[in-house]
Amino acid sequence: MINRRTFSIGLGATLLAACSTGSAPTSAPASRMRAVPNAGWDAWVAGFKGRAASQGISQSILNRAFQGAGYLPDVIERDRNQVEFKRSLEDYLAIAASDERISTGKQMLVRHAGTLSQIEAQYGVDKEIVVAVWGLESRYGARRGDVPVISATSTLAYDGRRGAFFEKQLVAALKIIQEGDTTPANMTGSWAGAMGHTQFIPTSYLAYAVDFTGDGRRDIWSEDPADSLASTAAYLSRAGWVRGQPWGGEVGTVSGSPVAVLQPQTPGPRIAVFRNFQVIKRYNNSDSYAIGVGHLADRIAGGAPFQASFGPDATGLTLDDRKELQRRLTSAGYDTQGADGVIGKNTEAAISAYQRANGLSVTGQPSVALLQSLGG
């Protein structure tokens, strides 16, 4: 079974890294991407059309799909400039299971209660897990991406760095259009072609997406998330989800014989994991991502935060200290764009501005002395 995120786009890797303080991880920020003329891309598309036709794509679909499509230089820039950030588990959870994400998840659990209960009954995957994936992948549908998938995948296929992979995604996207699930204009997603509420790449869509609403289309782009949520449950079910088994939890809070006990950060919680933890990793092959999904699901269901303390970081500040630092900076006129305790670019810029304005050495880094200098 192909991992849905084989191409390493996801919350567990670059997406969380892209977040600065106060903002939630998002799969596809609002785009200003514009196609530009490119003779090389034009020639590549002409050759590709023959290959696509040999794989069953009709000429009429090719004409429709590429009408208005074009080369997107910003996609190449995004692909070239991916940076792998390694967040601590504490920072990861501060974003992935933030108070806002938990609160919104609870609201979504209520708003879509009937649909989610039906999905859980049919596929055996806990509804809270499905909602948690939704929350991490697209902020409950708020950040689904607006980049044209045909343009994005053809640009990346033409570029050649991962040409074979993205040509396969492009062919799959054309098959989706040919099967009538959506139109070229409606097929939008992230800059790398991940689509819908729970960010399926085209090949995984073909393999696992379902028409849960019964309208004849597997519509993961709709404002109604039912098909997306059911598709996620179908994916996890086919990946081996064990009905009724927990994903895991902090040692001492879950019963049974776990397959492993993890301690991703010391000090920090020791986490017992079961087979379903590995199933979540089939969705995104990252321990932090799987812990984030599982813990967010538990919090949405009313569970408690992890009890073990992560302790202070290398600067001597705890998570609560870092949140207070952000609040004090903002109150002083140096907006950190939120107070989640995660030190990102916004907080670093605010610190630098404060240090510069107050004649301090400009480091952009938090410290106990900085917190104290900002007063109460």
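Higher on the page you've got the structure.
Read on for an overview of the structure. Numbering of residues starts from 1 in every chain and runs along the sequence as written. Local features are withheld for residues below a pLDDT of 70 in this predicted model, meaning they are given only at 70 or higher, and side-chain atom pairs are given and counted only at 80 or more; totals for whole chains, interfaces and linings count all residues. For side-chain calculations, the full set of non-hydrogen atoms in the structure is used, while hydrogens and water are omitted.

1. A short note on the pattern of salt bridges
For clarity, the cut-off: The term salt bridge refers to a pairing of a side-chain nitrogen on Lys or Arg with a carboxyl oxygen on Asp or Glu at a separation within 4 Å. Each helix is a run of H or I in the DSSP string that is no shorter than four residues. Each strand is a run of E no shorter than two, and both are numbered from the N terminus. Three exposure classes are used, based on accessible area relative to the maximum for each residue type with a 1.4 Å probe and protein chains only: buried under 20%, partly exposed in between, and exposed over 50%.
Within the structure shown, the criterion is met by 19 salt bridges. Notably, a salt bridge pairs Asp159 with Arg80, separated by 2.9 Å at the nearest N-O pair. Of this pair, Asp159 sits in helix α9 (residues 149-159) while Arg80 sits in helix α4 (residues 73-80), placing them 79 residues apart in sequence. We classify Arg80 as partly exposed; its relative accessible area is 43%.

2. Description of the sheet that holds strand β4 (residues 260-262)
Rule in force here: Here the rule is simple: two strands pair whenever DSSP picks up at least two bridges between them. Interaxial angles span 0 to 180 degrees and are taken between N-to-C directions of axes, which are lines fitted to C-alpha atoms, for helices over the stretch in contact.
Here we have three strands laid out as an open sheet, ordered β3-β5-β4, and antiparallel in their pairing. Edge strands, defined here as strands with exactly one partner in the open sheet, are β3 (248-250) and β4. On average, each strand axis in the sheet is inclined to that of its neighbour by 20 degrees, with strand direction left out of account. Relative to strand β5 (residues 271-273), β3 runs antiparallel, the two being bridged by three bridges. Looking at the pairing, Glu250 lines up with Ile271 of β5.

3. With respect to the packing of helix α2 (residues 39-54) against helix α10 (residues 163-178)
For clarity, the cut-off: A clockwise turn of the near helix away from the far one marks a right-handed crossing, whereas an anticlockwise turn of less than a right angle marks a left-handed crossing. In what follows, residue pairs with any heavy atoms lying within 4.5 Å of each other are defined as contacts. Throughout this entry, Asp, Glu, Lys and Arg are counted as charged residues, while Ala, Val, Leu, Ile, Met, Phe, Trp, Tyr, Cys and Pro are counted as nonpolar. The remaining residues, Gly among them, count as polar.
Contact geometry for α2 and α10: axes closest at 11 Å, N-to-C directions at 65 degrees. Here α2 and α10 pass one another in a crossing that is right-handed. The segment α2 lies against α10, with Trp44, Phe48, Arg51 and Ala52 engaging Glu167, Leu170, Val171 and Leu174. The residue makeup of the contact of α2 with α10, split by class, is six nonpolar, no polar and two charged.

In short, the description is geometric, and any link to function would need to be established separately.
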